[in-house]
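# Structural overview
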Amino acid sequence: MFDSILVVCAGNICRSPTAEYVLKSKLANKNIAVSSAGLTALEGKSADSIAKQVAEPYGINMDNHQGRQLNSQLIAQNSVILVMENRHLTDLFSRYPEARGKTFLLGKWIDDKEIPDPYRKSIEAFEHVYTLIDSACSAWQKYL
């Protein structure tokens, strides 16, 4: 089975940390490490304040998150890589061809839905994204 999951988005401050912490919560009874990174990460930045605000009522605390850049070591260390958009698949495969075969859309099991970037958008956009992420993570649970 899988022992590690890496969730990837662009900046690693909105979508991928949200998905990381939601997955950690949903997989708490399994021995699966979950982390996140960004294709163009805002390294060292904490999770977006609106993302944190939206996740908090669901028991998701992202206070310890710090953005980090995706690299080949992270690709090699993780058994599954989940991305937010089809363009992330294309970008990731062009940079890290070794990621093929273990990289999928987070929304794969919810009709291959892409998770749009809520960065610098309204709280409603973040709420919509949280709902998509939560649904996608729930759908992944039975495969992990």
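Residues numbered from 1 in each chain as written. Predicted model: local features only at pLDDT ≥ 70, side-chain atom pairs only at ≥ 80, totals over all residues. Heavy atoms only, no water.

Moving on, we come to the sheet that holds strand β2 (residues 33-38). Overall, parallel pairing links the 4 strands, which are arranged β2-β1-β3-β4 in an open sheet. Taken across any chain shown, the strands that pair with only one partner, and hence form the sheet edges, are β2 and β4 (103-105). Taking each pair of neighbouring strands and ignoring which way they run, the sheet shows an average axis angle of 25 degrees. The pairing of strand β3 (residues 80-83) with β4 spans 3 bridges and is parallel. Looking at β4, one finds that Leu-82 is bridged to Phe-104. Lying over the sheet, helix α4 (residues 86-95) contacts β1 (4-9), β3 and β4, oriented at roughly 165 degrees with respect to β4. (Pairing = 2+ DSSP bridges. Helix = DSSP H or I, 4+ residues; strand = E, 2+ residues; numbered from the N terminus. Axes fitted to C-alpha atoms, helices over the stretch in contact; angles between N-to-C directions. Contact = heavy atoms within 4.5 Å.)

This brings us to the pattern of salt bridges. Under the counting rule described, the total for this entry stands at 7 salt bridges. For Glu-20, the salt bridge identified is with Lys-24, shortest N-O distance 2.8 Å. Here Lys-24 and Glu-20 lie together in helix α1 (residues 15-26), a separation of 4 residues that amounts to about one turn. Linking Arg-87 and Glu-85 is a salt bridge whose minimum nitrogen-to-oxygen distance equals 2.8 Å. Of the residues examined, Arg-87 reaches a relative accessible area of 53% and is grouped as exposed. With relative accessibility at 11%, the residue Glu-85 sits in the buried group. In this structure, a network of salt bridges that share partners links the residues Arg-15, Glu-85, Arg-87 and Asp-117. (Salt bridge = Lys/Arg side-chain N within 4 Å of Asp/Glu carboxyl O. Buried < 20%, exposed > 50% of the residue type's maximum accessible area, 1.4 Å probe, protein only.)

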